[in-house]
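# Topology and contacts: notes
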Amino acid sequence: MERRKSRRRKTNTTATRLALSANKTKNEKRSVEYMFTNDVLLGKLENALKAITTTDLGSSRLTPAKQRLFVRTVSEATRILDEARRIDMTSHTHDIDRIAFGSRILQGATEDQAPSGETKPDFSTNKLESVEVIGISGITDSTLEDNIEREGFEDTLIQLIADRVGVDLEELFLNGDKSSSDSFLAKTDGWLKKAANLVQGDTDFDAKDVEAMFDAMIQALPKKYLRDRSQWRFYVHWDIEDAYRDVLRARGTGLGDTAQTTATQLAYKGIAVVDAANMPAGTALLVNPANLVYGIYRDIRIEPDRQPKLRRTDFVTTLRVDCHYEDENAAVVGKGYTG
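We now turn to the structure provided with this report. (Residues numbered from 1 in each chain as written. Predicted model: local features only at pLDDT ≥ 70, side-chain atom pairs only at ≥ 80, totals over all residues. Heavy atoms only, no water.)

Turning our eyes to something else, we now look at the sheet that holds strand 7 (residues 197-200). With mixed pairing, six strands are arranged side by side in an open sheet as 7-15-11-8-10-9. Two strands close off the open sheet at either side, each with one partner strand: strand 7 and strand 9 (266-268). Sheet twist, expressed as the mean angle between neighbouring strand axes with direction ignored, is 25°. Relative to strand 10 (residues 271-275), strand 9 runs antiparallel, the two sharing three bridges. Of the residues in strand 10, the one forming a bridge with Tyr-268 is Ile-271. In the packing of helix 7 (residues 210-220) onto the sheet, the strands contacted are strand 7, strand 8 (233-236), strand 9, strand 10, strand 11 (284-287) and strand 15 (331-335), and the crossing angle to strand 15 comes to about 150°. Sitting on the sheet, helix 8 (residues 238-250) is in contact with strand 8, strand 9, strand 10 and strand 11, with an inclination near 85° to strand 9. (Pairing = 2+ DSSP bridges. Helix = DSSP H or I, 4+ residues; strand = E, 2+ residues; numbered from the N terminus. Axes fitted to C-alpha atoms, helices over the stretch in contact; angles between N-to-C directions. Contact = heavy atoms within 4.5 Å.)

What follows covers unusual backbone geometry. Phi angles above zero are rare outside glycine, and Asp-202 is one such case at about 70°. Here Asp-202 is to be found in the loop between strand 7 and helix 7.

Let's shift gears to helix 2 (residues 64-76). Relative to the 18 Å expected for 13 residues at 1.5 Å per residue, helix 2 spans 18 Å between its end C-alpha atoms, a close match to the ideal helical length. Restricting attention to buried positions, one finds in helix 2 the residues Lys-66, Gln-67, Leu-69, Phe-70, Val-71, Thr-73, Val-74 and Ser-75. (Expected span 1.5 Å × (residues − 1). Buried < 20%, exposed > 50% of the residue type's maximum accessible area, 1.4 Å probe, protein only.)

The relative placement of two aromatic rings is captured by the distance of their centres and the angle of their planes. Using the criterion set out here, one finds six aromatic pairs in the structure. Aromatic rings pair up to connect Phe-214, Phe-234, Tyr-244 and Tyr-268 into one cluster. (Phe/Tyr/Trp six-rings, centres within 6.5 Å; stacked < 30°, edge-to-face > 60°.)

Okay, the packing of helix 7 against helix 8 next. Contact geometry of helix 7 with helix 8 gives a least axis separation of 9 Å together with a crossing angle of 115°. As the angle between them shows, helix 7 and helix 8 are arranged roughly perpendicular. Here Val-210, Glu-211, Met-213 and Phe-214 of helix 7 come into contact with helix 8, specifically with Ile-240, Ala-243, Tyr-244 and Val-247. The residue makeup of the contact of helix 7 with helix 8, split by class, is seven nonpolar, no polar and one charged. (Parallel < 35°, antiparallel > 145°, perpendicular 65-115°, else oblique. Nonpolar A, V, L, I, M, F, W, Y, C, P; charged D, E, K, R; others polar.)

What follows concerns the pairing of strand 8. Moving residue by residue along a regular strand, the side chains alternate between the two faces of the sheet. Here strand 8 shows two buried faces, one formed by Arg-233 and Tyr-235 and the other by Phe-234 and Val-236. Note: strand 8 against strand 10, four bridges, orientation parallel. Residue pairing in the sheet places Tyr-235 in a bridge with Val-274 of strand 10. Across four bridges, the pairing between strand 8 and strand 11 is antiparallel. Across the sheet, Arg-233 pairs through a bridge with Val-287, a residue of strand 11.

Right, dumping it as structure tokens:
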């Protein structure tokens, strides 16, 4: 009996050892497979980045072709950036020169008599002074594995990053304020801060009347700039655009029905009313988008930062940007709409 028990114990012990050994081998195999997959993924990422960057002093700068794709995607990311005037900067600063005649240049002509006097143009300059911004875009391994073998993966990667960069740049260009406690918005003064004309709710217009706000903004704009209303925009927060739709709906007209049931482009007195996602609540900007100027310095870098424990790769993007007006006097900011 004792011999049988002893044999059973030996058999159980041997089986346990074999099971542990098998599990160890299986775990080691899984580890090797994971390491192999990780190495392959890193290799493919390295190849993808080589296709879009040129190594310059140890940093990954986008090639000219990929830089153009990046900048184009940034510009198309939002309505404001798409309509504004972009300058591809070749240095850290860029002068925005403007020349205009402030008074009449024609006079009556008299035979055999020279015109009296002459009108000289006014020269003014605003300056773009690029500031550096940085962003980290995390992409999980599962997403990379699903897409890295597809044709055009490099372009897809650039577009994914650039599209988000465009949304963030619109926020900076609109809401930038060097006195802000937000370190990102404090990098530069944006269009809302730099506009020369401002109207305030309950001071310049009824804060609950959206049309009164639009009228006050039009009144505050020097009329010499308002020649072709179709070229101008009211860039507004969603609440203002929605309130204006409600005003049109209440009139019980065909236009009101259309405003309520479709996404048709609205206009007030011939000026398009455009919803801008990054516009602060209760705020609007009246401007010709050609007067909105922003610059992106050509030296754009995208560098990978592998996070193997998280099964993720962070792509670190750095670039230099700034914004200004060609003429800040041709812009009006409206604030304080409460609805």
